[in-house]
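# Descriptive analysis of the structure
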Amino acid sequence: MTAEEIYNKINNIKTKDPETGEGVYIILRDLYYEHKENEAVLYIQTYFKCDEDTAKEVFLILKKRLFRPPPSPEQIALCNAAALAMKYTPHCPYCNSTNLHRITTLEKAADTVLFGVYGNTRKCQWHCYNCNSDF
Ligand SMILES: [Zn+2]
């Protein structure tokens, strides 16, 4: 097999480690993230029964095309913060803006007084400053 052929096999999610059942790509990526390049090359050699030079070539292709450099702790923290913000920041369902104002009970009451049962912000919790909708 050529390095390119082996790369295509690794890139296929169906190529799994017979012992752990884990994707070969995942195994190699983890080894790369742990800076165990020699082990990764050896794994390719063993799995695909190729010589060392071919295995090294495969690993080079993998690095170039598949693997992204491991995330730094700062990047991870940033991602987590972004995920948290996404979770807890309400978005406008109409325009997806986060420029929102929470309608207080007092405002709701005022609206009811002015417009009676037809006041349309009564049941709404948020006002969007971007598209002026209440929801
Ligand atoms: Zn909006």
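Reading the values: rules and limits
- Residues numbered from 1 in each chain as written.
- Predicted model: local features only at pLDDT ≥ 70, side-chain atom pairs only at ≥ 80, totals over all residues.
- Helix = DSSP H or I, 4+ residues; strand = E, 2+ residues; numbered from the N terminus.
- Expected span 1.5 Å × (residues − 1).
- Buried ≥ 20, exposed ≤ 12 C-beta atoms within 10 Å, placed from the backbone.
- Arc of directions from axis to C-beta.
- Contact = placed C-beta atoms within 7 Å.
- pLDDT = per-residue confidence, 0-100.
- Core = buried A, V, L, I, M, F, W, Y, C linked by C-beta atoms within 7 Å.
- Axes fitted to C-alpha atoms, helices over the stretch in contact; angles between N-to-C directions.
- Parallel < 35°, antiparallel > 145°, perpendicular 65-115°, else oblique.
- Left-handed = near helix turned anticlockwise from the far one by under 90°.

The next point concerns helix 4 (residues 52-65). For helix 4, built from 14 residues, the straight-helix expectation of 20 Å at 1.5 Å per residue is met to within 8% by its first-to-last C-alpha distance of 20 Å. Those residues of helix 4 lying buried are A55, V58, F59 and L62. For helix 4, the buried positions fall inside an angular range of 100 degrees around the axis, keeping them on one side. Seen from the open side of helix 4, the exposed residues pointing more than 90 degrees away from its buried face are D53, K64 and R65. Contact partners of the buried residues in helix 4: helix 1 (3-10), helix 2 (24-33) and helix 3 (37-48).

Mean pLDDT over the protein chain works out to 84, with 83% of the residues at or above the 70 mark. Considering each helix and strand of the protein chain separately, the mean pLDDT is smallest for helix 6 (residues 105-115), with a value of 62, and largest for helix 3, with 96.

What follows is about the environment of K14. Following the sequence through the fold, K14 ends up in the loop between helix 1 and helix 2. On the neighbour-count criterion, K14 (7 C-beta atoms within 10 Å) is exposed.

Right, let's get into the environment of E39. Summarising the element assignment, E39 is placed in helix 3. On the basis of neighbour count, E39 is assigned to the partly exposed category, with 14 C-beta atoms found within 10 Å. Residues E39 and L28, spaced 11 residues apart in sequence, show a C-alpha to C-alpha distance of 8.7 Å.

One finds I44, V58 and F59 to be the most contacted residues of the largest nonpolar core, which totals 14 residues. Listed by contribution, the elements that provide at least two residues to this core are helix 1, helix 2, helix 3 and helix 4. Setting aside its immediate chain neighbours within four residues, F59 contacts E37, A40, V41 and I44.

The subject of this paragraph is the packing of helix 2 against helix 3. The description of two helices packed together rests on the angle between their axes and the distance between the axes. Following both chains from N to C, one finds helix 2 and helix 3 inclined at 155 degrees, their axes separated by 8 Å at the closest point. With respect to each other, helix 2 and helix 3 are oriented roughly antiparallel. Between helix 2 and helix 3 lies a crossing of left-handed hand. The residues of helix 3 that touch helix 2, namely those facing V24, I27, L28, L31 and Y32, are E37, E39, A40, Y43 and Y47.

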